[in-house]
Amino acid sequence: METNTYYRTDQEFFVDMQRCIGCHACEMACAECETNGQESMIHVNYVDRAYTIQTTVQVCMHCEDPVCAQVCPADAIAKDEFGVVHTANTSRCIGCSNCVMACPFGVPKKQEQYDLMMKCNMCYDRTSAGKKPMCATVCPSQALYYGTREEIRAMRPNSEPVNTFIFGKETVKTKVNIMMPKGSTFLKVH
Amino acid sequence: MATLPVQADAIIQRYGPHLNYAPKEGFYGREEPDKSVKTHCCFCGMQCGIKLLVKDNKVVGFDPWMEFPFNEGRLCPKGVQRYLQNNHPDRLLSPLKRVAGQGFEPVGWEEAMDTTIAAIRRIQQTYGKDAFSILSGVSLTNEKSYLVGKLARVAFQTKNLDYNGRLCMVSAGAGNKKAFGLDRASNTYADLKHAEVIIIAGANVSETFPTLTHWVWQARDNGAKLIIIDPRVTPIARTADLHLDVRPGTDSALYGAMLNYLVQQDLLDHDFIDNYTMGFADTIAAVKDYSLEWAAGVTGISIEKIRQAAELWGRAKTSFLLHARGIEHHTKGVDNVLGCINLVLATGRIGKPYCGYGTITGQGNGQGGREHGHKCDQLPGNRDITNPEHRQYIANVWGIEESALPGKGYTAYALIEAIHRGEVKGLLSICFNPLVSLPNNQFVREALEKLEFYVAIDFFLNETARHADIVLAGSLQEEEEGTVTTAEGRVTRIRQAVTPPGEARADTEILLEIARRLGAGDKFNFQSSEEIFNELRVASKGGTADYYGITYEKIEKQMGVFWPCPSLDHPGTPRLWEDRKFSTPDGKAHFNPVTYKPPSEVTDAEYPVVLTTGRVVSQYLSGTQTRRIGKLVDQFPEPLLEIHPEMAARYGITQRQLVRVSTRRGAAEFHANIVETIRKDTVFIPYHWPGKKSANQLTIGTLDPVSKIPEFKVCACQLTPLQEEESGAGNPAYASE
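Below you will find a few notes about this structure. Everything numeric here is computed off the predicted structure, so don't read it as measured data.

Thresholds applied
- The residue numbering used here restarts from 1 in each chain and proceeds along that chain's sequence as written.
- All chains are assigned letters beginning with A, and all ligands numbers beginning with 1, in the order in which they are written.
- Reporting in this predicted model follows two pLDDT cut-offs: at least 70 for local features of residues, and 80 or more for side-chain atom pairs to be given and counted; totals over whole chains, interfaces and linings ignore these cut-offs and use all residues.
- Think of it this way: build a C-beta for each residue from its backbone, and any pair within 7 Å is a contact.
- Only DSSP runs of H or I reaching four residues or more are called helices, and only runs of E reaching two or more are called strands; each is numbered from the N terminus.
- Each residue receives one of three labels: charged for Asp, Glu, Lys and Arg, nonpolar for Ala, Val, Leu, Ile, Met, Phe, Trp, Tyr, Cys and Pro, and polar for the others, Gly being one of them.
- With C-beta atoms placed from the backbone, a residue is labelled by how many other C-beta atoms lie within 10 Å of its own: buried for 20 or more, exposed for 12 or fewer, partly exposed between the two.
- Think of it this way: DSSP has to see at least two bridges between two strands before they count as a pair.
- Lines fitted to the C-alpha atoms define the axes, with helices restricted to the stretch that makes contact. Angles between their N-to-C directions range from 0 to 180 degrees.
- Regarding the arc, it is the one traced by the directions from the helix axis to the C-beta atoms.
- Nonpolar core, as used here: buried Ala, Val, Leu, Ile, Met, Phe, Trp, Tyr and Cys residues forming one set through C-beta atoms within 7 Å.

### A closer look at the interface of chain A and chain B
Link 1 in the chain: Contacts between chain A and chain B engage 29 residues on the former and 34 residues on the latter.
Link 2 in the chain: Those elements that provide at least two residues to the side of chain A that touches chain B are helix 1 (25-31) and helix 5 (134-138) of chain A.
Link 3 in the chain: Here the side of chain A that touches chain B gets three residues from one element, more than from any other, and that element is helix 1 of chain A.
Link 4 in the chain: In the side of chain A that touches chain B, the residues fall into 13 nonpolar, eleven polar and five charged.

As structure tokens, this is what we get:
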């Protein structure tokens, strides 16, 4: 992947689920991107609407050791020097859905009409030009925040960015952080 | 004749609502637009900054406007999709005339204007000037609002002009004038950041003003306690420190008991009360019997929660109280507002950094629109149409005799009643869709059908405009220059991005042409929106809403100017009352006694369930615009009946089952959404939809005695679960009849 000097390596992505208001602005803004064909690469869902209005928002976590790339038989998924895990290379992807099944966060989606996996590349066109990803730009509650670790620590002193996830015996470290109560160091998924 | 010319389905087939989606590859030219125009969203009172991308005189996309200080690029789904109202297949491209039995036929402007003017003249000559009325709306810019007001009073010479703010901010406006002598939020939202306690009463902030959520969270990051008063667990209520699940229609009992608690515990700012307010003794006397126990019984909120709220509020050093339609859409809407203000005044936390109060104005220009134009009792600058000095000042600005200036006319719903009883015969509407947005809309339809002549100015053929004799194809927000005033009182610039398509014309041009043809052209000699604004500045000078020192240039330079701004060298007033001099005649802030009264319709054996109405995040007002944007409709394709599982079980209602909801006004059918996030005694329906899916078939047309706002937020209903085949609604989503 070609080096782009405008990519700001000091900026990171932070997700704070408690702030999500379920408005879907992120999805609609994401879908506007010319490479996404009016499909969103970020997904908002109710947790269980019968009991709560709470929604979750799932963006690609950009794993340090991305399992989607490991299981890809066509070598279509690549992580770049900045840690961004890119969506499937369209000329390589064979639409096998290995990545869809392997991702612990349920991020890649197979777009049947294109026979192609598509997922978030953290708005590479924007971030490589020094801008914030579109979802984090528009998010009205700033459940999605893009900026430096110092900024978010100063702004949100009661929360802690966490990027270690434990799934059973597997530990996954990600480029994207989620905000957890102060003192947290990992999220264990039971 | 204001009946439908043909069946609604035939009209819908031609004029929509049809759903507009962007093509998968985006609109042509989005990646290389001719220009990027810094303007504002066309929807709510937040008026978020946004850039519209334009190619070949079409809006083809948007870009976040990062520098605009309120939203810094943030947008809600309506804002992200708002560009799709432009370049829309339903857009009216020429004037239309009603042809009985056939529908609408495109006509030229000459014919449309000739017909309109002849009808206005005939009706006014036959029945008197006031027999022709105007209903306007506050999605219009300040310039257009001002123009509509002047058009009614100077060209039509009718007193009967009112606006859709009557369904929106009038209770707050009336309450604020009583208490402060001025109608504006006292602080900008920046003062939320270090408020220790925030009360949000009757405002589903995260759905109706999503971009305000970030300001609330900034306060919470700094340790603020958040108290939400709402019958439902809204997205903002979900994480609140305290959620007071008030029974609809009982808000003032809560505020009364909280005030009484503050008195009992002496959590009062005596210095502020003694030196800067009036009416405290009478006000606390009115609530002396309002114990926490009593309030718990009336409101359905637990004693402990009310106590906690009063403790938090009473002991805070800084605070911000916000309210919106949830407490204002009541027959005691003004009382509810005053109850909130009493809590603010008792603690003296106003007019200081991080000490704020305000209604969250709902409509795009709900603030500016109500100050300068089309409210039946108001003249520009928030002047009173019954005040002789105010009348004389405006008559001088307009170059007419004071005696020629009409008096106070009917408020919006009363105007519909006057049409219904045959007193008012003609109607011009602009930016108002009363068939969807007014309560008890069967009655509204009957009224429309009695009109002798109805002319509608609009860009889409909304449900009400389908009843028109003549439709004048007007303009979208992005098709004219102008200004709006946000919920914070910040006057901002709306920029023209494109010109109206086809034969459609700018609203301003249409209004000026009507004025000319009615013989008042010499009073309407404007060449640009800026010229209209400059006259508005003079007309507002010396009024409470003084815009005299605001110019287009200053707005652009400062990214908005907060009124009052009385002189050219004045920077504007972001925070009111820092000098402790209020705008009342005696300069004091006024407490107002509020005794609890029940809503106009209470539940009984026949109608045992409380019905309340509200909004969803992807729709705006009566949906004229947002029900035409594909993804916003996909997000909420139809209104659902929110019902608690215990009540659903009692009626044998299952998830998504069709339920007939009946009130004394009518019946309508909705699919159930069984959720624990609502009170057990209350059901909720969002109101944005027309025809057989309209919640306003059920709501009650009783009005607040002061503000004349209808009681949308509470009435009594009964529920009957149905099988799909029992439904009488057919394919109801968009049908009008």
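What follows picks up the thread again.
### With respect to the pairing of strand 16 (residues 426-430) of chain B
Residues and elements named next belong to chain B.
Link 1 in the chain: Of all five residues in strand 16, five are buried, a share of seventy percent or more.
Link 2 in the chain: Inspection of the sheet shows strand 6 (residues 132-136) paired to strand 16 by four bridges, in the parallel sense. If you follow isoleucine 134 over to strand 16, its bridge partner there is leucine 428.

### With respect to unusual backbone geometry
For residues besides glycine, phi is generally negative; the peptide bonds are generally trans as well.
Residues and elements named next belong to chain B.
Link 1 in the chain: Cis peptide bonds are those with omega within 30 degrees of zero, and the linkage from glycine 16 to proline 17 qualifies with 20 degrees.
Link 2 in the chain: Here proline 17 shows up in the loop between helix 1 (8-15) and strand 1 (35-40).
Link 3 in the chain: The omega torsion across tryptophan 563 and proline 564 is 0 degrees, close enough to zero to call that bond cis.
Link 4 in the chain: By the element assignment, proline 564 lies in the loop between strand 21 (561-562) and strand 22 (589-590).
Link 5 in the chain: Of note, the phi angle at glutamine 157 is positive, near 55 degrees, even though the residue is not glycine.
Link 6 in the chain: Position of glutamine 157 among the secondary structure elements: in the loop between helix 4 (142-156) and strand 7 (161-163).
Link 7 in the chain: Taking the C-beta count within 10 Å as the criterion, glutamine 157 has 17 such neighbours and is therefore assigned partly exposed.
Link 8 in the chain: Positive phi outside glycine occurs at arginine 656, with the angle close to 70 degrees.
Link 9 in the chain: Residue placement: arginine 656 occurs in the loop between helix 25 (645-651) and strand 25 (658-662).

### Topic: the environment of cysteine 431 of chain B
All names here are of chain B.
Link 1 in the chain: With respect to the helices and strands, cysteine 431 occurs in the loop between strand 16 and helix 19 (434-437).
Link 2 in the chain: The exposure class assigned to cysteine 431 is buried, which follows from the 29 C-beta atoms found within 10 Å.
Link 3 in the chain: Each C-alpha atom of the pair cysteine 431 and isoleucine 457 lies 7.4 Å from the other, and the pair is 26 residues apart in sequence.
Link 4 in the chain: Every residue in contact with cysteine 431, bar those within four places of it in the chain, is listed here: Ser136, Gly137, Ser139 and Leu140.

### Some words on the environment of glutamate 311 of chain B
Link 1 in the chain: With respect to the secondary-structure elements, glutamate 311 of chain B resides in helix 13 (residues 303-315).
Link 2 in the chain: When the 16 C-beta atoms within 10 Å are taken as the criterion, glutamate 311 of chain B is described as partly exposed.

### Some words on the sheet that holds strand 1 (residues 11-15) of chain A
All names here are of chain A.
Link 1 in the chain: Spatial ordering of the open sheet is given by 6-1-8-7-9, a layout of five strands whose pairing is mixed. In this open sheet, the two edge strands, each paired with only one partner strand, are strand 6 (144-148) and strand 9 (187-189). Recorded for the sheet is a direction-independent mean angle of 40 degrees between the axes of neighbouring strands.
Link 2 in the chain: With eight bridges connecting them, strand 7 (residues 159-167) and strand 8 (residues 170-181) associate as antiparallel partners. Each residue of the ladder has a partner; that of threonine 164, found in strand 8, is lysine 173.

### Some thoughts on helix 12 (residues 292-299) of chain B
Residue and element names in this part refer to chain B.
Link 1 in the chain: Along helix 12, the residues classified as buried are Leu292, Ala295, Val298 and Thr299. Along helix 12, the residues classed as buried sweep out an arc of 125 degrees about the axis, all on the same side.
Link 2 in the chain: Elements that come into contact with the buried residues of helix 12 comprise helix 9 (251-264) and helix 13.
Link 3 in the chain: Immediately downstream of helix 12, the backbone of glycine 300 shows phi near 80 degrees, a positive value.

### Comments concerning the nonpolar core
Link 1 in the chain: Cys135 of chain A together with Ile198, Leu254, Met258 and Val471 of chain B are the most contacted members of the largest nonpolar core, which totals 259 residues.
Link 2 in the chain: The element that contributes the greatest number of residues to this core is helix 15 (residues 333-347) of chain B, accounting for nine residues.
Link 3 in the chain: If sequence neighbours within four positions are ignored, methionine 258 of chain B has contacts with Ile306, Ala309, Ala310, Trp313 and Leu343 of chain B.
Link 4 in the chain: Ile643, Ile653, Ile674 and Leu698 of chain B belong to the second-largest nonpolar core, a separate cluster that totals 28 residues.

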